[in-house]
Protein chains: 2
Amino acid sequence: MGKNACGNELAPGVMRRLPCYLNYLKGIPSGSGYISSATVASALGYGDVQVRKDLAQISGRGKPKMGYEIDNLIAALESTLGYTSYKSAVIVGAGKLGMALYGYDGFSEYGLEIVAAFDADEKITRDIIRGTIYPASYFSEYCRKHRIDIGIITVPRSEAQKVCDEMVKCGIRAIWNFSPAILSAPDSVTVRNENMAESIAVLSRSLEEMPAGK
Amino acid sequence: MGKNACGNELAPGVMRRLPCYLNYLKGIPSGSGYISSATVASALGYGDVQVRKDLAQISGRGKPKMGYEIDNLIAALESTLGYTSYKSAVIVGAGKLGMALYGYDGFSEYGLEIVAAFDADEKITRDIIRGTIYPASYFSEYCRKHRIDIGIITVPRSEAQKVCDEMVKCGIRAIWNFSPAILSAPDSVTVRNENMAESIAVLSRSLEEMPAGK
DNA sequence: GGTATATAGATACTCATATATCGATATGCT
DNA sequence: AGCATATCGATATATGAGTATCTATATACC
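All values derive from a computational prediction rather than experimental measurement.

(A) Looking closely at the packing of aromatic side chains. One pass over the full model with this rule turns up 22 aromatic pairs over all chains. With a centroid separation of 5.5 Å and an interplanar angle of 40°, the aromatic rings of B:Tyr134 and B:Tyr142 are classed as tilted. For B:Tyr134, a relative accessible area of 25% gives the class partly exposed. For B:Tyr142, a relative accessible area of 5% puts it in the buried group. Clustering of aromatic rings is evident, with ring pairs tying together A:Phe118, A:Tyr134, A:Tyr138, A:Phe139 and A:Tyr142.

What follows is the structure, encoded as structure tokens:
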């Protein structure tokens, strides 16, 4: 385990592909032993050289004629992607999307636990799916009492910047923004936008670009 | 309106930024008239040249000393992104995420209407939020009766490929995949993966990379 | 009406990413 | 044990996106 154990800069393209590698490898029956870069590449539609270069950045060496040890790769990917470290998150905005995320139990696979939800509407402060929804006024106090790693924003566009500021003030340094707002935050805070609008645009354009299917 | 009225290839980076431009411009009080590329650039953290190059691909010319006419830009962006054309969608998988998307009324802003939801579990075939959830067995018949543009997959990983195949068979040519599965589909079908795992990884790594937040 | 200026558009350049080619090496078979 | 081969790793090339610089032009002001 060399210099890349932690803290290396990884190019955005690499960060996009690594979860795909992990996902693919996890779907392989365990005990299969080794896999070649070409096999991974053709399964995911990448080039074999690209797969090797990506894996070289995060894992130990592969063996000629054999490929890479699958279990090693999975462990290296999970570690690199941060899935093995526990991260606590809070949601602000208990609308439909917020509640869906709050109730989704698949995040634990990535080391993420959503520990609380907040909403400006005091009336919905009740158990709905799996936990309490606190009034937004309690947010900063809650953050002082618990160590919160990630803030998830699922409020409407008009409220998003206010919520973002509040999160920053409470020491949250990673924000996952599901609102359509463009958030401004200090450089020390990472903001990740879940870009539904872009996805819809890509799909919509694809429909118009090839009018004749088949 | 020249050659780029429709059907031009747009680079992924451009496709990522265009919704941001639109979003930003819509937040400007209407009747403001013109805006310069430098103003847009500094608001969104891009370079002014990049903004001009992006806009040159989708809109008419700007005026020296004035900038671009805001209303024109908004119209061009909405048209290019496909938000002005009606697109019908169906959801397969009536779990929490599926129901959240089904109940979300913000998609109409992008020209997207979710017209039906399906689930393998026949028991949940009832009105929940705003519409009927049909049993999955009715899916292909429904698609024959209605023109469906986009298929949204919110089933677990193990079911996703099966659902994808069914959608392709029913003539759906654009698929929005919220499951963690890697889907294989013909080239004529556009698959867009909503990459939650990547987002979590980016945020998680950012937490580990700067241990001293300030 | 002339001139200074802000701004767009075009061109040239830099940098990063992805691809192709070549050489090195461990494995398995004869 | 020796050799053929599949696969990795390194080097070189190509492609493309982003940036910087320069030129052209429409506006506003004097």
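Next comes the rest of the account.
(B) The arrangement of the nonpolar core in detail. A:Leu25, A:Ile152, A:Trp176, B:Ile152 and B:Trp176 are the most contacted members of the largest nonpolar core, which has 95 residues in total. When residues of this core are assigned to their parent elements, the largest contribution, seven residues, is made by helix α1 (residues 12–26) of chain A. The contacts of A:Ile152, once residues within four sequence positions are left out, are A:Ala89, A:Val90, A:Ile91, A:Val92, A:Leu101, A:Ile114, A:Met167, A:Trp176 and A:Phe178.

(C) Just the pairing of strand β4 (residues 112–119) of chain A, in detail. All names here are of chain A. Extensive coverage of β4 is indicated by the burial of six of its eight residues. Where strand β3 (residues 87–92) lies against β4, six bridges are found, and the strand directions are parallel. Residue pairing in the sheet places Ser-88 in a bridge with Glu-113 of β4. Running through helix α5 (residues 96–103), the crossover from β3 to the neighbouring parallel element β4 is right-handed. Bridging between β4 and strand β5 (residues 133–135) involves three bridges; their strand directions are parallel. Each bridged residue has a counterpart across the sheet, and for Phe-118 the counterpart in β5 is Tyr-134.

(D) Just the interface of chain A and chain B, in detail. Contacts between chain A and chain B engage 60 residues on the former and 60 residues on the latter. A per-residue breakdown of the area chain A buries against chain B is headed by A:Ile200, A:Leu203 and A:Arg205, which together make up 12% of the total. Between the two partners, chain A and chain B, sit four salt bridges. For B:Glu198, the salt bridge goes to A:Arg192, with nearest N and O atoms at 3.6 Å. Counting every contact that joins chain A to chain B gives 24 residue pairs in polar contact (both at pLDDT 80 or more). Of the residues forming the side of chain A that touches chain B, the biggest block, 14 residues, is contributed by helix α8 (residues 196–209) of chain A.

(E) Structural context of helix α4 (residues 70–81) of chain B. Helix length check: α4(B), at twelve residues, gives a terminal C-alpha distance of 16 Å against a target of 16 Å (1.5 Å per residue), a fit within 8%. Buried within α4(B) are the following residues: B:Ile70, B:Leu73, B:Ile74, B:Ala76, B:Leu77, B:Glu78, B:Thr80 and B:Leu81. Looking at the buried residues of α4(B), the elements they touch are α8 of chain A together with α1 (12–26), β1 (34–35), α3 (48–58) and β2 (68–69) of chain B. Positioned one or two residues after α4(B), B:Gly82 has a phi angle of 85°, which is positive.

(F) Region of the structure containing the side chain of A:Asn177. Residue and element names in this part refer to chain A. With respect to the element layout, Asn-177 can be found in strand β7 (residues 174–177). Of note is the side chain of Asn-177, whose polar atom sits 3.1 Å from the backbone oxygen of Ala-181. Among all residues touching Asn-177, those that are not within four sequence positions of it are Ile-153, Leu-183, Val-191, Arg-192, Asn-193 and Glu-194.

(G) Representation of the relation of the copies chain A and chain B in the model. Least-squares fitting of chain A to chain B yields an RMSD of 0.1 Å, with the transformation described by 0.1 Å of translation along the axis and a rotation of 180°. With respect to symmetry, the two chain copies, as superposed, fit the operation of a two-fold axis. Taking the C-alpha atom as reference, chain A places A:Ala100 closest to the rotation axis, 2.9 Å from it. Residue by residue, 98% of the interface of chain A is reproduced at the interface of chain B, so both copies engage with the same surface.

(H) Expanded view of the protein's contact with DNA strand D. As a matter of local geometry, DNA strand D sits amid 19 residues, with A:Ser37, A:Gly62, A:Tyr68, B:Lys53 and B:Pro64 nearest to it. Those atoms of DNA strand D that come within 4 Å of the protein belong to sugar or phosphate at a rate of 69%. Contacts to DNA strand D include A:Ser37, whose side-chain N or O atom sits 2.5 Å from a phosphate oxygen. At a separation of 3.2 Å, a sugar or linking oxygen of DNA strand D approaches a polar side-chain atom of B:Gln50. Sorting elements by how many residues they give to the surface near DNA strand D places α3(B) first, with three residues. Residues that form the surface near DNA strand D fall into these classes: six nonpolar, five polar and eight charged.

(I) Structural context of the packing of α1(B) against α4(B). All names here are of chain B. Between α1 and α4, the least distance of the axes is 10 Å, while the angle of their chain directions is 140°. Here α4 runs oblique to α1, going by the angle between their axes. Crossing of α1 over α4 shows left-handed handedness. Between α1 and α4, the residues in contact are Met-15, Leu-18, Pro-19, Tyr-21, Leu-22, Leu-25 and Lys-26 and Ile-70, Leu-73, Ile-74, Leu-77, Glu-78, Thr-80 and Leu-81, respectively. By residue class, the composition of the contact of α1 with α4 is eleven nonpolar, one polar and two charged.

Calculation criteria
Residues numbered from 1 in each chain as written. Chains lettered and ligands numbered in written order. Predicted model: local features only at pLDDT ≥ 70, side-chain atom pairs only at ≥ 80, totals over all residues. Heavy atoms only, no water. Phe/Tyr/Trp six-rings, centres within 6.5 Å; stacked < 30°, edge-to-face > 60°. Buried < 20%, exposed > 50% of the residue type's maximum accessible area, 1.4 Å probe, protein only. Core = buried A, V, L, I, M, F, W, Y, C linked by side-chain atoms within 4.5 Å. Helix = DSSP H or I, 4+ residues; strand = E, 2+ residues; numbered from the N terminus. Contact = heavy atoms within 4.5 Å. Pairing = 2+ DSSP bridges. Right-handed = clockwise from strand over helix to strand, strands pointing away. Buried area = accessible area lost by both parts, 1.4 Å probe. Salt bridge = Lys/Arg side-chain N within 4 Å of Asp/Glu carboxyl O. Polar contact = N/O pair within 3.5 Å; in protein donor to acceptor, adjacent residues only side chain to side chain. Expected span 1.5 Å × (residues − 1). Least-squares fit on C-alpha atoms with pLDDT ≥ 70 in both. Near = heavy atom within 4 Å. Nonpolar A, V, L, I, M, F, W, Y, C, P; charged D, E, K, R; others polar. Axes fitted to C-alpha atoms, helices over the stretch in contact; angles between N-to-C directions. Parallel < 35°, antiparallel > 145°, perpendicular 65-115°, else oblique. Left-handed = near helix turned anticlockwise from the far one by under 90°.

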